[in-house]
Amino acid sequence: EVRLVESGGGLVQAGGSLRLSCGASGFTFDEYAIGWFRQAPGKLREREGVACIDNRDGSTAYADSVKGRFTISRDNAKNTVYLQMNNLKPEDTAEYYCAANPSQAHPLLRDFYAFWGQGTQVTVSS
């Protein structure tokens, strides 16, 4: 059974930090790029690509809105990916999802991701 399970979300004050974790099982983790996406409150909001890390040379991609504040990393031996979020802003409030991508192309586009987790809520107060 394929599983991606996010953890580490919660409530934090603006300027604070959180580290999200995503544990994976049921597929060949080291053959997939792993991305983090988020969806802000409201049914009309799109799920936005935040960060991605590839499965070979450790290359990363970030949305402009989080560059310099968020860092994605992975530990293939533990089948785990992390998202370190620093200097959080109220605009970062969203449900955060991890996902697995069999291709290195289009790293922040939703349609290229095969497996998704259930999400973890991040709320940043002003």
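For the structure, see preceding data.
This write-up is about the structure you can find in this document.

Quick notes on the rules
- Residues numbered from 1 in each chain as written.
- Predicted model: local features only at pLDDT ≥ 70, side-chain atom pairs only at ≥ 80, totals over all residues.
- Heavy atoms only, no water.
- Buried < 20%, exposed > 50% of the residue type's maximum accessible area, 1.4 Å probe, protein only.
- Helix = DSSP H or I, 4+ residues; strand = E, 2+ residues; numbered from the N terminus.
- Pairing = 2+ DSSP bridges.
- Axes fitted to C-alpha atoms, helices over the stretch in contact; angles between N-to-C directions.
- Contact = heavy atoms within 4.5 Å.
- Disulfide = S-S within 2.5 Å.

The next subject is the pairing of strand 11 (residues 120–125). Every second residue of strand 11 is oriented toward a common face, the buried set being Thr120, Val122 and Val124 and the non-buried set Gln121, Thr123 and Ser125. Bridge count between strand 2 (residues 10–13) and strand 11: four bridges; the pairing is parallel. Within strand 11, the residue paired with Gly10 across the bridge is Val122.

Read from one edge to the other, the open sheet built from four strands follows the order 1-3-8-7, with strand pairing classed as antiparallel. Strand pairing shows two members of the sheet lacking a second neighbour, strand 1 (3–7) and strand 7 (70–75), which therefore form its edges. Averaged over all neighbouring strand pairs, the angle between strand axes comes to 15°, with direction disregarded. In terms of strand pairing, strand 3 (residues 18–25) meets strand 8 (residues 80–85) through six bridges, oriented antiparallel. Its bridge partner lying in strand 8, Ser21 is registered against Tyr82.

Here we take up the environment of Cys52. On the secondary structure map, Cys52 appears in strand 5 (residues 48–53). Taking the C-alpha atoms as reference points, Cys52 and His106, 54 residues apart in sequence, are found 9.8 Å from one another. Setting aside residues no more than four positions away along its own chain, Cys52 makes contact with Ala33, Ile34, Gly35, Ser59, Thr60, Ala61, Ile72, Pro107, Leu108 and Tyr113.

On to the state of the cysteines, then. Considering all chains together, one arrives at one disulfide under this definition. In this model, Cys22 is linked to Cys98 through a disulfide, with the two sulfur atoms separated by 1.9 Å. Its S-S torsion of approximately 60° makes the covalent link between Cys22 and Cys98 right-handed. Here Cys98 lies in strand 9 (residues 94–101) and Cys22 lies in strand 3, a separation of 76 residues in the sequence. Note on Cys22: relative accessible area 0%, which makes it buried. On the accessibility criterion, Cys98 (0% relative accessible area) is buried.

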